[in-house]
Amino acid sequence: MEALDPNVLPQTVPGRGWQARLDLGFAGDPALPAAHTRLVRRSHFGPLRVQRPFYPDGPVCNVYIVHPPGGVVGGDRLDLRISAERAAQVLLTTPAAGKFYRSAGPEARQRVEIRLQDGATLEWLPQETIHYPGALVRQQTLVRLDASARFIGWDLAAYGLPARDERYDSGRVVQGFELWRGEQPLLLDRLLLQGGGAAFGSRWGLDGATALGTFVACPATADDLGAARDAVAPLAGVSAGLSLVDGVLIGRVLARQTDAAMRALLALWRALRPRLLGRPAVLPRIWAT
């Protein structure tokens, strides 16, 4: 990813839309485990911002990423680069759902790059992303972990506007997720969904669901996998599948309602956060507003 230049004024590029970048760096003090993690680097270009850090659960630095336009259109590009130094403890989320609107031709792009040093923990918990009918979207997430870093993250995509009886019957969504430990790839995930394609109604695809959630936690154990299965088993209105490969716990959630899919992701987070990160599941304050 190219370097961010804080001296360049936000602007649109003719024919390309908004080009927005956000670069965040976090640091903790390994000699003082109870010390608060600090936001030590913040650089932005275009319409991406963060609010001041919050500390609702002790030393964990909670930061809310804000996209003031409220939606992304064809030609827009959002780039987020996040790094956490040794012993940093970070939770990142968003105050509202993201929206990708119908495109007249150009793709809308979003790239997230996360790098965690030894001893750092980071939770990437954005609210859902709504793909409007006709949206052309390409999203990429890259997570790089040093040897003892820990990561929990999710993605929740909502296709179409079921409340308006508007199906995702045109457009295209391309998603990629990569998780690396040093130079070793742990998870390389690719998804291509064509609006109106067979995948939306087929048993081998979304089977009529309009919300697809993905949950990733690393490192995890077989006992963690059992706890995750117990957490989602009693939930109604969702179909969930969980697996554990090379210490990476992966969950998939399908639902016909976005709220039901989010409840499943939250249930997984509540069950696994104490086990993997050693702290209770305290909800970010922004989710209550």
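Our subject in this report is the structure included herewith. The model shown is predicted, which means the values in this text are computed figures rather than measured ones.

**Thoughts on the overall build of the protein**
Then, number 1: Regarding its fold elements, the protein presents two helices and 18 strands.
Then, number 2: The C-alpha radius of gyration computed for the protein amounts to 19 Å, which stays within 12% of the reference 19 Å derived for 289 residues, consistent with globular compactness.
Then, number 3: Over its C-alpha atoms, taken along the principal directions, the protein stretches across nearly 55 × 50 × 40 Å.
Then, number 4: Looking at the protein as a whole, 52% of its 289 residues are labelled buried.

**Focus on unusual backbone geometry**
Excluding glycine, residues mostly have negative phi values, and the peptide bonds linking residues are mostly trans.
Then, number 1: Cis peptide bonds are those with omega within 30 degrees of zero, and the linkage from cysteine 218 to proline 219 qualifies with 0°.
Then, number 2: By secondary structure assignment, the location of proline 219 is in the loop between β16 (211-218) and α1 (222-232).
Then, number 3: Residues other than glycine seldom take positive phi values, yet alanine 87 does so here, at roughly 70°.
Then, number 4: Mapped onto the elements of the fold, alanine 87 is located in the loop between β6 (77-84) and β7 (89-93).

**Topic: the layout of surface pockets**
Then, number 1: Taken as a whole, the second largest pocket encloses approximately 260 Å³ of empty space.
Then, number 2: Lining the second largest pocket are 13 residues; nearest its centre among them are Arg167, Tyr168, Phe200, Gly208 and Thr210.
Then, number 3: Looking at the lining of the second largest pocket residue by residue, the classes come out as five nonpolar, four polar and four charged.

**Some remarks on the nonpolar core**
Then, number 1: Core analysis: the biggest nonpolar cluster contains 50 residues, and Phe26, Trp124, Phe151 and Leu179 have the highest contact counts within it.
Then, number 2: Counting 29 residues, the second-largest nonpolar core is a separate cluster that includes Leu156, Leu225, Met262 and Leu266.

**Structural notes on the environment of arginine 279**
Then, number 1: Residue placement: arginine 279 occurs in the segment after α2 (258-277).
Then, number 2: For arginine 279 and glycine 58, which are 221 residues apart along the polypeptide, the C-alpha to C-alpha distance reads 9.6 Å.
Then, number 3: Arginine 279 has contacts with Asp57, Val60, Gln89, Thr121, Glu123, Arg273 and Pro274, leaving out every residue within four places of it along the chain.
Then, number 4: A distance of 2.6 Å separates the side chain of arginine 279 from the side chain of glutamine 89, its partner in a polar contact.
Then, number 5: A distance of 3.5 Å separates polar atoms of two side chains, one belonging to arginine 279 and the other to glutamate 123.

**Describing the pairing of strand β18 (residues 248-255)**
Then, number 1: For β18, the tally of buried residues reaches six of eight residues, placing the bulk of the element in the interior.
Then, number 2: Where β16 lies against β18, seven bridges are found, and the strand directions are antiparallel. Counted as the bridge partner of valine 216 is isoleucine 250 from β18.
Then, number 3: Pairing of strand β17 (residues 238-245) with β18, which is carried by eight bridges, proceeds in the antiparallel orientation. Among the inter-strand pairings, glycine 241 is bridged to a residue of β18, identified as arginine 252.
Then, number 4: Linkage of β17 to β18, two consecutive antiparallel strands, is achieved through a turn of two residues, within which aspartate 246 is found at a positive phi near 55°.

**As for the environment of arginine 273**
Then, number 1: Within the secondary structure, arginine 273 sits in helix α2.
Then, number 2: In this structure arginine 273 touches Asp57, Val60, Leu91, Glu123, Ile152, Gly278, Arg279, Pro280, Ala281 and Val282, once residues within four positions along its chain are discounted.
Then, number 3: Among the polar contacts listed, one links the side chain of arginine 273 to the side chain of aspartate 57, at a separation of 2.8 Å.

**Considerations on the environment of aspartate 79**
Then, number 1: Note that aspartate 79 resides in strand β6.
Then, number 2: As a C-alpha pair, aspartate 79 and leucine 122 span 43 residues in sequence and 18 Å in three-dimensional space.

**So, α2**
Then, number 1: Over its 20 residues, α2 runs 27 Å from end to end, which matches the ideal 28 Å to within 8%, given 1.5 Å per residue.
Then, number 2: Of all the bends in α2, the greatest, near 30°, is centred on alanine 271, and the proline proline 274 appears no more than four residues after it.
Then, number 3: Just downstream of α2, glycine 278 is the residue with a positive phi angle, here 75°.

**Here we look at the pattern of salt bridges**
Then, number 1: If you walk through the whole model with that rule in mind, you get 16 salt bridges.
Then, number 2: The residue arginine 273 makes a salt bridge to aspartate 57 at a minimum N-O spacing of 2.8 Å. Of this pair, arginine 273 sits in helix α2 while aspartate 57 sits in the loop between β4 (49-50) and β5 (61-66), placing them 216 residues apart in sequence. The same class applies to arginine 273 and to aspartate 57, which are both buried.
Then, number 3: Here glutamate 123 makes a salt bridge to arginine 279, at a shortest N to O gap of 3.5 Å. Of the two residues, glutamate 123 sits in strand β10 (residues 121-125) while arginine 279 sits in the segment after α2, which places them 156 residues apart along the sequence.
Then, number 4: We classify glutamate 123 as buried; its relative accessible area is 0%.
Then, number 5: Through salt bridges with shared partners, a single ionic network connects Asp57, Glu123, Arg273 and Arg279.

Definitions and cut-offs
Residues numbered from 1 in each chain as written. Predicted model: local features only at pLDDT ≥ 70, side-chain atom pairs only at ≥ 80, totals over all residues. Heavy atoms only, no water. Helix = DSSP H or I, 4+ residues; strand = E, 2+ residues; numbered from the N terminus. Rg over C-alpha atoms; globule rule 2.2 N^0.38 Å. Buried < 20%, exposed > 50% of the residue type's maximum accessible area, 1.4 Å probe, protein only. 1 Å grid on protein atoms, 1.4 Å probe; cavity = no way out; pocket = protein on both sides within 12 Å on 5 of 7 lines; lining within 4 Å. Points joined across faces, edges and corners; volume = space filled by probe spheres on them. Nonpolar A, V, L, I, M, F, W, Y, C, P; charged D, E, K, R; others polar. Core = buried A, V, L, I, M, F, W, Y, C linked by side-chain atoms within 4.5 Å. Contact = heavy atoms within 4.5 Å. Polar contact = N/O pair within 3.5 Å; in protein donor to acceptor, adjacent residues only side chain to side chain. Pairing = 2+ DSSP bridges. Expected span 1.5 Å × (residues − 1). Bend = angle between axes of the 7 residues up to and from the residue. Salt bridge = Lys/Arg side-chain N within 4 Å of Asp/Glu carboxyl O.

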